Structure formats: C-alpha cells, structure tokens
Amino acid sequence: MKTLLIMLTPAAMLVLATPFAVAQDSQTPATATVDTAKGLSEWDKIHAVFSHPRCADCHVADDRPRWSGAHYGGTRVHAFNVQRGADGSGFGNPGLRCTTCHFASNSNALHGPPGAENWHLAPVEMAWFGKSSAEICAQIKDPARNGGRSLKDIALHVRDDRLVAWGWAPGSDREPAPGSAEATYQEIENWTAMGAPCPAPQ
C-alpha cells in the first residue's frame, strides 16, 4: 500500500500542476507585431537629429570637421587646418587639440567657439556626414560600423553624453538639433521595439 502511495504521489503532483502550467502559458504575452510604418516614422525623427549639422558636422569620414547649416550659409571645412589627430583619437593633433578653443561651455564672445565637455570628433566608424537616411540607418544597426554598440547603447549615448547634449543647446544663433536628448532617446527605443526598420535605399 505504501509503495502504491509513493508511486501515485509524483503522478498526482503532475496532474495537479498541469492546469497551472497551462494557465501560465496562456498568460505569456505574444510576440509584438513589427509595425514597419510606425517604425519608419520613428526613424524619420531620429534621422532628422543624426543628419542635422549640430550632429553630422563632427561625424565625418575624413579628418576635417565641417561648419554647415543656415548659420554658415553653406558647408565649409573647419578653418585653421583642424584635423582629427594623427593618433586617430578625434581630439586633434598635438599643439592644436579641439580643447585649445572649445572649452566645457559655449563662449559668450560674439562668434566665439561653442563648447561642451570632452569636445572631439566622432570615431571614424561613426561617420555619416553626407550619407542618405537608408545608409545611416543601416550603419547605426551594424555593430561593425557603429563602434560595437547595441541600439540600447546608442539610445543611452544620445540621452546621457554631454557633448551630444550640446546639439540641443549650441548657443549664439546656431540652430539646435530638433527635439531633445530625452525625446530622441525615446524615439530610438520606440524604433527598436518596432523592429528597427530602415528605409529602402534610393
């Protein structure tokens, strides 16, 4: 009799647990449906920031930052022979580091240099100046071409980096990037949740 009870107990536990397991399965949320149209709408907002002069002028493939936008009346290579730096750091060459002129905050002098902490060019792998929306989108999603970052990393970088934040508070008469750091962070999060779709190449 005892042997029969010992044998029945595990079986009884399995039978009793089955309805609970089924109930648990039925509460598991279904995978979110990718909404390409909404995702592309979010990407358009992100692209408006990434391609804006306050952002793109330092995301260059060569060694020369740009001056561009309505404030400058066109696109020009940064004056004074400013270079990325022979070491590839983006902080400039010895004797002419970016921080020689660009301090931790914007200059109050007329036409004075803008400033933010850690002023430097973006890494070469993050270069997208002059690229199309589709090209920038594909690059942002590719860790081999975005500095080894996940989309979450990029969202946090946009929200938390003080140099990036300068794009929304550039000082003088410079046009700020659209939106805000927090809004762009949320747009990247939304775009990612919707499958991070990219526009078709033109």
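See the structure printed just above.
Colleague: Run through unusual backbone geometry, naming residues and quoting values.
Modeller: Positive phi, normally seen in glycine, also occurs at Phe-80, with a value near 70 degrees. Following the sequence through the fold, Phe-80 ends up in the loop between β2 (76-77) and β3 (92-93). Taking relative accessible area as the criterion, Phe-80 reaches 63% and is therefore assigned exposed. A positive phi angle is found at Asn-81, which is not glycine, with a value near 55 degrees. For Asn-81, the position within the fold is in the loop between β2 and β3.

Colleague: Residue-level account of the side chain of Glu-187, with values.
Modeller: Mapped onto the secondary structure, Glu-187 falls in helix α7 (residues 181-193). Buried and without a salt bridge, Glu-187 has Lys-45 as its closest oppositely charged side chain, separated by 5.1 Å.

Colleague: Describe the pattern of salt bridges, naming the residues involved and giving the relevant values.
Modeller: Tallied over the full model, the rule gives eight salt bridges. Across the salt bridge formed by Asp-62 and Arg-66, the nearest N and O atoms sit 2.9 Å from each other. For Asp-62, a relative accessible area of 33% corresponds to the partly exposed category. On the accessibility criterion, Arg-66 (17% relative accessible area) is buried.

Cut-off values and rules
- Residues numbered from 1 in each chain as written.
- Predicted model: local features only at pLDDT ≥ 70, side-chain atom pairs only at ≥ 80, totals over all residues.
- Heavy atoms only, no water.
- Helix = DSSP H or I, 4+ residues; strand = E, 2+ residues; numbered from the N terminus.
- Buried < 20%, exposed > 50% of the residue type's maximum accessible area, 1.4 Å probe, protein only.
- Lys, Arg positive; Asp, Glu negative; His and termini not counted.
- Salt bridge = Lys/Arg side-chain N within 4 Å of Asp/Glu carboxyl O.

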